[in-house]
Amino acid sequence: MTDTPSVYQTDALISQDIDAYLDIHQHKSMLRFITCGSVDDGKSTLIGRLLYDSKMIFEDQLASLEADSKKMGTQGDEIDFALLVDGLAAEREQGITIDVAYRFFATEKRKFIVADTPGHEQYTRNMVTGASTADLAVILIDARKGVLTQTRRHSYLAHLIGIKQIVLAVNKMDLVDYDEARFNEIVDDYRAFAETIGIQAFTAIPLSGLAGDNITNPSDNTAWYQGPTLLAHLEDVELSNTLEQEKDFRMAVQWVNRPNLDFRGFSGQIASGVVRIGDDVRVVPSGKQSTIASIVTFDGELDQAVAGQSVTLTFADEIDCSRGDVIAAASAPPAVTDQFESTLVWMDETPLLPSRSYILKIGTQRVNAAVQTLKHQINVNSSEQLAASTLQLNDIGVVDISTDRPIVFEEYADNREMGGFILIDKMTNATVAAGMVRFSLRRAQNVHWQAIDVDRQAHAALKNQSPRVLWFTGLSGSGKSTIANELEKRLHQTGRHTYLLDGDNVRHGLNKDLGFTDAARVENIRRVGEVAKLMADAGLIVLTAFISPFQAERDMVRAMLPDNEFVEVFVDTPLAVAEQRDVKGLYKKARAGDLKNFTGIDSPYEAPENPEIRIDTTQMTAEQAADAILDWLSKNA
């Protein structure tokens, strides 16, 4: 590191005219960037040095940093800059980054938000979180170690997330005596890898976060390097929202703003393009058109607004528009689909269950969605495509997703705001995956609903009954099939049109290709639910006897049907009682280890929380249970 004093200067206006400084500061552009790489490449130290050299550390923070450096630092008597961002106690104790740490700083040219992302593979989901809003990625490489597996992984993820600007920061050059040949070797290795994953260009900078070389000032130790310092590059790089302004106009509606009867506006943040008063716009997916009457902001009305601005738009015409709709240029509206291929990053401890219904949130839209097909898993380190039946924590795969109603979207490569989504578990409300839309599936455009004249009401009227789906759920041996069979006989005797779908019987035909893993059980119930729905459409009273161990799938079937048609019948039998009965000898096999994934033994059963009917088979016979269900049906006809 050069011993010459830093030439970086903070803005003199701070001491001369604070109001003028704040006004200028408010209108500076903002760059969001992440630092990532392998463990101990020096990410936190680099950010700490940036904060220190840009004079963004208060005196009390500096005093605390000096004290902490002596107690738990890794640099002897010198300041340990990593402690500025390694805020968690666990991080400081282990000397690693676990969570994403965000820090703000500013220079005379630009404001910055930097995310220090973890390097360990088990925290890849944290890295994806930090990268999701970034314009630029600083990929750090330890000059001693070169390109490592985690370097490749994070480079792939940064490119996958859509970050166009990549800085290759070859750190710890002081530990290789600022060797130009070593720097060039690393850059060549990285370039060869980057081309294989689609990274076309990057900026390579030799530096030392600890010593300060080429961070804010050019270093005398790397006289052979003629490029910009890291801070100079960050100040001058083109922002993504500048590029977004050149695209077609899109704005997802977050809120319908109606403070009184005389004003009705639609609020949101512009995802791309430019909108002006008088522009023709289209509301998608409805297709209704109007023109922009005004552009309203907190600070007053505007003649035009651009990508990144939050505004309220009013129309010249009274047309329907609500949260989740997208306002777009009338001449170039975005696409609509209910089936698409996407890249999925799995972020939950519980693995992906194909066919399970999740909540998909894309922009301001929320729909029910399921992964229909897992095409392959991606080995990030080699870009190899691997066969897989599920995705585990931190896995990445390519999947086909279907939604219960059409969504407005653009391909993620063209528009991150309109093409990025998350999946939410309905039971835990946890975000389980982040996804990027690749393209709409062709069948989504080619398959349409055919209008029919004899509808479900006509079928039901002909049979003189109200269709129902009586969904019997409970452990194996609880008596579901016995009770359902008894109930169907009684309904048949009264002239009702019924059909009983039994779990074992269905697996001889429709579902004979399915096993008993959690994923197979989910698909089993999805198929049965679709069949039951078709039978209910035909006016039948459908009885289903399935263990159906997961609440999410029972809720999925309930959502397929009109209100009050799905009746959950919980055949409540304690495990000990069901195991004592063991009519088919299955519990004995499961206890012996001869039968895997058996509900109640080594696979979970989620008991209904609020079933319409609860049957306690320790207190009722099958006949009494059938009578109780008939009584409920007569009272709730």
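Residues numbered from 1 in each chain as written. Predicted model: local features only at pLDDT ≥ 70, side-chain atom pairs only at ≥ 80, totals over all residues. Heavy atoms only, no water.

A.B. asks: I would appreciate a short explanation of the nonpolar core in the present structure.
C.D. replies: Counting residues in each nonpolar core, the largest one holds 44 residues, and the members touching the most others are Ile34, Ile163, Ile166, Leu168, Tyr190 and Ile396. Counting residues per element, this core draws most heavily on helix 8 (residues 180–197), at seven residues. In this structure, this core is formed jointly by two domains, domain 1 (11–238) and domain 3 (338–446), each of which donates at least three residues. When near neighbours in sequence (up to four residues on either side) are disregarded, Ile163 contacts Ile34, Ala131, Ala134, Asp135, Leu136, Ala137, Ala158 and Arg416. (Core = buried A, V, L, I, M, F, W, Y, C linked by side-chain atoms within 4.5 Å. Buried < 20%, exposed > 50% of the residue type's maximum accessible area, 1.4 Å probe, protein only. Helix = DSSP H or I, 4+ residues; strand = E, 2+ residues; numbered from the N terminus. Domains from an automatic or database assignment. Contact = heavy atoms within 4.5 Å.)

A.B. asks: Is there a simple way to think about the pattern of salt bridges in this case?
C.D. replies: In total, this model carries 28 salt bridges according to the counting rule given. The shortest N-O distance in the salt bridge between Glu565 and Arg456 comes to 2.7 Å. Taken together, the positions of Glu565 in the loop between helix 17 (551–560) and strand 27 (566–572) and Arg456 in helix 13 (residues 456–463) put the pair 109 residues apart, joining distant regions of the chain. This pair shows no difference in class: Glu565 is buried, exactly as Arg456 is. Here Lys584 ties to Asp504 by a salt bridge, and the two come within 2.5 Å at their closest N and O atoms. Highlighted residues: Lys584 in the loop between helix 18 (575–581) and helix 19 (586–591) and Asp504 in helix 15 (residues 503–506), separated in sequence by 80 residues. Look at Asp504 and you get partly exposed, because its relative accessible area is 40%. Each member of the salt-bridge network shares a partner with another, and the members are Glu341, Lys375, Asp400 and Arg438. (Salt bridge = Lys/Arg side-chain N within 4 Å of Asp/Glu carboxyl O.)

A.B. asks: I'm lost on the packing of helix 14 (residues 480–493) against helix 20 (residues 622–635) in this one. Help?
C.D. replies: Relative placement of two packed helices is described by the angle separating their axes and the distance separating the axes. Closest axis-to-axis distance for the helix 14/helix 20 pair is 9 Å, and the angle between their directions is 55°. Taken together, the axis directions place helix 14 and helix 20 in an arrangement best described as oblique. Crossing angle aside, the handedness with which helix 14 passes helix 20 is right-handed. Mapping the contact onto sequence places Thr482, Ile483, Glu486, Leu487, Arg490 and Leu491 in helix 14 and Ala622, Glu623, Ala625, Ala626, Asp627, Ile629 and Leu630 in helix 20. Along the lines of polarity and charge, the residues of the contact of helix 14 with helix 20 split into eight nonpolar, one polar and four charged. (Axes fitted to C-alpha atoms, helices over the stretch in contact; angles between N-to-C directions. Parallel < 35°, antiparallel > 145°, perpendicular 65-115°, else oblique. Left-handed = near helix turned anticlockwise from the far one by under 90°. Nonpolar A, V, L, I, M, F, W, Y, C, P; charged D, E, K, R; others polar.)

A.B. asks: I would appreciate a short explanation of unusual backbone geometry in the present structure.
C.D. replies: A negative phi angle is the norm for most residues apart from glycine, just as the trans form is the norm for most peptide bonds. The omega torsion of the bond from Val284 to Pro285 falls at 20°, within 30 degrees of zero and hence cis. Turning to its location among the elements, Pro285 is positioned in the loop between strand 11 (280–284) and strand 12 (289–297). For Asp177, which is not a glycine, the phi torsion comes out positive at approximately 60°. Examined against the element boundaries, Asp177 turns out to sit in the loop between strand 5 (165–171) and helix 8. One non-glycine residue with positive phi stands out, namely Asn214, at about 60°.

A.B. asks: Just to check I follow, could you spell out the packing of aromatic side chains for this structure?
C.D. replies: Aromatic ring pairs are defined here through the distance separating the ring centres and the angle between the ring planes. Evaluated as defined, the whole model comprises 13 aromatic pairs. Each residue in the set Phe33, Phe105 and Phe112 is aromatic and connected to the rest through ring pairs, giving one cluster. The residue whose ring lies beneath Arg152 is Phe193, and the NZ or CZ to ring-centre distance is 6.0 Å. We note Arg507 situated over the ring of Phe516; from NZ or CZ to the ring centre the distance is 4.0 Å. (Phe/Tyr/Trp six-rings, centres within 6.5 Å; stacked < 30°, edge-to-face > 60°. Lys NZ or Arg CZ within 6 Å of the ring centre and 35° of its normal.)

A.B. asks: What's the story with the pairing of strand 4 (residues 136–142) in this structure? I'm lost.
C.D. replies: Regular strands place their side chains on alternate faces of the sheet. The element strand 4 is largely enclosed, with a buried count of seven among its seven residues. With burial as the criterion, each face of strand 4 is covered, one bearing Leu136, Val138, Leu140 and Asp142 and the other bearing Ala137, Ile139 and Ile141. As defined by bridge partners, strand 1 (residues 29–37) adjoins strand 4 across five bridges and the pair is classed as parallel. Looking across to strand 4, one finds that Gly37 is bridged to Leu140. Here strand 4 pairs with strand 5 via seven bridges, running parallel. In the sheet register, Ala137 faces strand 5, and the bridge partner there is Ile166. Running through helix 7 (residues 149–161), the crossover from strand 4 to the neighbouring parallel element strand 5 is right-handed. (Pairing = 2+ DSSP bridges. Right-handed = clockwise from strand over helix to strand, strands pointing away.)

A.B. asks: Hey, could you run me through the environment of Leu501 in this one?
C.D. replies: With respect to the helices and strands, Leu501 occurs in strand 25 (residues 498–502). Considering only alpha carbons, one finds Leu501 and Ala484, 17 residues apart in sequence, at a separation of 9.3 Å. Once residues within four sequence positions are removed from consideration, Leu501 is found in contact with Val506, Val528, Val531, Ala532, Met535, Val542, Leu543, Thr544, Ala545 and Phe546.

A.B. asks: Mind showing me how you'd approach helix 7 here?
C.D. replies: Since one α-helical turn is 3.6 residues long, residues separated by three or four positions face the same way. The end-to-end C-alpha distance of helix 7, which contains 13 residues, comes to 18 Å, matching closely the 18 Å that a straight helix rising 1.5 Å per residue would cover. Among all positions of helix 7, only Gln150, Thr151, Arg153, His154, Ser155, Tyr156, Leu157, Ala158, Leu160 and Ile161 are buried. With its phi angle positive at about 100°, Gly162 sits one or two positions after the end of helix 7. (Expected span 1.5 Å × (residues − 1).)

A.B. asks: How should the sheet that holds strand 24 (residues 468–473) be read in this particular structure?
C.D. replies: Spatially, 25-26-24-27-28 is the arrangement adopted by the five strands of the open sheet, whose pairing is parallel. At either end of the open sheet lies a strand with only one pairing partner, and these are strand 25 and strand 28 (613–616). The sheet shows a mean angle of 15° between the axes of neighbouring strands, taken without regard to direction. Bridge count for strand 24 against strand 27 is five bridges, and the pairing is parallel. Within strand 27, the position partnered with Phe472 by the bridge is Val569. Contacts from helix 20 reach strand 24, strand 27 and strand 28 within the one sheet, and its direction differs from that of strand 28 by about 165°.

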